[in-house]
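Chain by chain, the residues run as shown.
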Amino acid sequence: MVLEQEHRKNELKVAFLLYKPLPKVMGGGDIAVRTLIDILKRIPEVGKLEIFAISNRDYEEKIFGNVIQKHIKGYGYPERGFSRFLDLLCLFVFGFRSSLTMISKNRKVVDALVKYDPDLLIALSFQVNPIISKFKSINKNAKIIAYTDSPEVLSVVFEYLEATRLPNLLKKFVRVLFYKRYLKFHQKVAVDFIKNSDIVVVPTEFDKEEILQLSDINKKDIFVIPPISYKENEVKKLKPTSKIKKVVFVGACNFWPNLQAIEIIKQKIAPKLKDIEFIVVGKYCKPQKEDNVYIMGEVKDLDPILREADAFIAPIVSGRGIKTKILTYFLYRKPVIGTSLAFRGYKVKNNYNAIVEDNIDNIWRRLYELNRSKKDILRIQKNSIKALEDFKISKLKQKWIKVLRHEK
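Just so we're clear, the structure is a prediction, and the values are computed from it rather than from any experiment. Every chain is numbered on its own, with residues counted from 1 as its sequence reads. For this predicted model, a pLDDT threshold of at least 70 governs which residues receive local features, and a threshold of 80 or more governs which side-chain atom pairs are given and counted, while totals over whole chains, interfaces and linings are taken from all residues. Values shown for side chains rest on all heavy atoms present in the structure; no hydrogens or waters enter the calculation.

A. Highlighting the state of the cysteines. For the purposes of this analysis, a disulfide is any pair of cysteine sulfur atoms at a distance within 2.5 Å. The full count for this structure, using the stated rule, is one disulfide. The side chain of Cys253 participates in a disulfide bridge whose partner is Cys285; the two sulfur atoms lie 2.0 Å from each other. The sign of the 90 degrees torsion about the S-S bond sets the Cys253-Cys285 disulfide as right-handed. Taken together, the positions of Cys253 in the loop between strand E9 (246-250) and helix H10 (256-269) and Cys285 in the loop between strand E10 (277-281) and strand E11 (288-290) put the pair 32 residues apart, joining distant regions of the chain. Both residues of the pair, Cys253 and Cys285, count as buried. Counting from the N terminus, the helices are the DSSP runs of H or I reaching at least four residues and the strands are the DSSP runs of E reaching at least two. Throughout this description, buried means an accessible area under 20% of the type-specific maximum (1.4 Å probe, protein chains only), exposed means over 50%, and partly exposed covers the range between.

Structure follows, in structure tokens:
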């Protein structure tokens with residue numbers, strides 16, 4: 001009993017700080033939080049764990065079983081609508097974002113964190129940096145961990161712009177007026193976010209190199225740990241494919257890199273491979289059929305489609321960060337054909353566990369050549385799971401243990 005009490009005394013109290021609450025239906029960034037919580041709960045050194053999120057009212061809820069998410073009423077970060085327009089207009093006119101100034105006034109969030117008194121504070125976005133600054137001035141003992149992509153991801157906002165229905169002239173006007181100022185300001189905020197942290201965790205080696213170039217953080221204080229994982233029981237049974245007749249692409253149509261990829265499939269790949277059916281599945285995609293390309297739109301259950309596929313394709317030429325759908329593809333033990341950008345963060349080797357091709361005009365030919373060899377198809381199928389070696393829960397757990405035990 002005494003030993004058990006002593007063990008509990010040494011357990012770390014962890015706080016997650018978010019600029020908005022985790023929703024019931026989670027996107028990529030939200031899944032990263034869930035993955036991290038799942039891993040930390042498996043580590044003996046971690047004791048109490050709570051989420052603190054800026055919200056529109058004060059209340060608590062339990063998520064992921066028994067994790068408390070505290071909604072704290074305060075000034076939020078506008079992501080859409082007129083408030084976001086005013087926020088960006090302020091950036092253009094005055095050179096700063098009013099939203100971040102308002103977030104810094106969220107004293108209730110700071111007070112809640114101080115009262116909780118965490119040993120470890122994990123922040124997953126630069127938006128909360130003003131709160132971290134205030135918290136650090138009061139609690140100098142807590143270790144701050146920033147889990148972030150490289151500042152390169154900031155340019156993605158202008159890729160979203162391409163997916164809107166705004167007139168091309170207006171899009172060009174926005175890019176010319178805002179691009180440099182937007183990136184300059186947010187890069188400064190992102191670097192400040194990194195400086196405010198004791199440890200930085202990033203999803204890929206690429207992010208690590210980018211951050212090292214932009215900040216003077218010590219290389220030893222940056223850890224590369226993927227934000228997604230899989231369990232052994234999620235790996236599908238290998239069903240050897242002898243012929244590729246059906247190729248699947250998964251991606252929401254409100255995201256510019258996905259729209260680009262779909263157009264590449266329609267214009268540069270599918271017309272050259274008439275004997276193959278290309279299926280596109282994703283939210284906001286308008287169902288339609290054009291020759292051998294079938295755009296299904298959103299479906300309730302992806303599993304039957306992914307099981308029936310003979311291969312997956314990812315002709316991604318823009319976008320940042322790690323692509324979570326690639327992990328899903330590999331779990332289904334089928335050949336995956338994509339660009340090196342699509343495979344960023346994965347352990348892929350061309351012609352061994354995937355087909356890597358950065359020449360968009362050559363992807364159809366690589367797929368055609370693969371389809372002529374049962375031996376090559378089977379080899380890539382068998383080795384596909386090896387691309388996910390760094391995503392095993394057990395490996396991620398060991399990496400996070402190193403982070404928790406890291407000393408400055």
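B. Summary view of the pattern of salt bridges. Salt bridge, as used here, is a side-chain nitrogen of Lys or Arg placed within 4 Å of a carboxyl oxygen of Asp or Glu. All chains considered together, the criterion is met by 17 salt bridges. Here Glu357 makes a salt bridge to Arg366, at a shortest N to O gap of 3.0 Å. Grouping residues by exposure puts Glu357 and Arg366 together as buried. Residues Arg379 and Asp376 are paired through a salt bridge, measuring 2.8 Å at the closest nitrogen-oxygen approach. Of this pair, Arg379 and Asp376 both sit in helix H14 (residues 374-383), separated by three residues, roughly a single helical turn.

C. Representation of the pairing of strand E6 (residues 143-147) within the structure. Here E6 lies mainly inside the structure; five of its five residues are buried. Side chains Lys143, Ile145 and Tyr147 project from E6 onto one buried face, and the interleaved Ile144 and Ala146 project onto a second face that is buried too. For two strands to be treated as a pair, DSSP must find at least two bridges joining them. Pairing of strand E5 (residues 120-123) with E6, which is carried by four bridges, proceeds in the parallel orientation. Residue pairing for E6: Leu120 is matched across the bridge by Lys143. The handedness of the E5 to E6 crossover, carried by helix H6 (residues 129-138), is right-handed. Pairing of E6 with strand E7 (residues 199-202), which is carried by three bridges, proceeds in the parallel orientation. What sits directly across from Ala146, in E7, is Val200. Handedness of a crossover: with both strands directed away from the viewer, a clockwise path from the first strand across the helix to the second marks it as right-handed.

D. Examining the side chain of Lys266 more closely. Residue position: Lys266 is located in helix H10. Lys266 gets classed as buried once you look at its relative accessible area, which sits at 18%. For this analysis, residues touch if any pair of their heavy atoms sits within 4.5 Å. Ignoring sequence-local partners within four residues, the contact set of Lys266 consists of Pro271, Gln288, Glu290, Val293 and Ile295.

E. Focus on the sheet that holds strand E4 (residues 67-73). Strand order in the open sheet formed by eight strands is E3-E4-E2-E1-E5-E6-E7-E8, and the pairing between neighbours is mixed. Strand pairing shows two members of the sheet lacking a second neighbour, strand E3 (59-63) and strand E8 (222-224), which therefore form its edges. Within the sheet, the average angular offset between the axes of one strand and its neighbour, ignoring direction, is 25 degrees. Note that strand E1 (residues 12-18) and E5 share four bridges and pair parallel. In the strand pairing of E5, Phe16 is matched with Ile122. Where helix H9 (residues 205-214) meets the sheet, it contacts E7 and E8, and its direction lies at approximately 160 degrees from that of E8. Note on definitions: angles span 0 to 180 degrees between N-to-C directions of axes, and those axes are lines fitted to C-alpha atoms, for helices only across the stretch in contact. Strand contacts of helix H15 (residues 393-404): E1, strand E2 (46-55), E5, E6, E7 and E8, with the helix running at about 140 degrees to E6, the strand carrying the most contacts.

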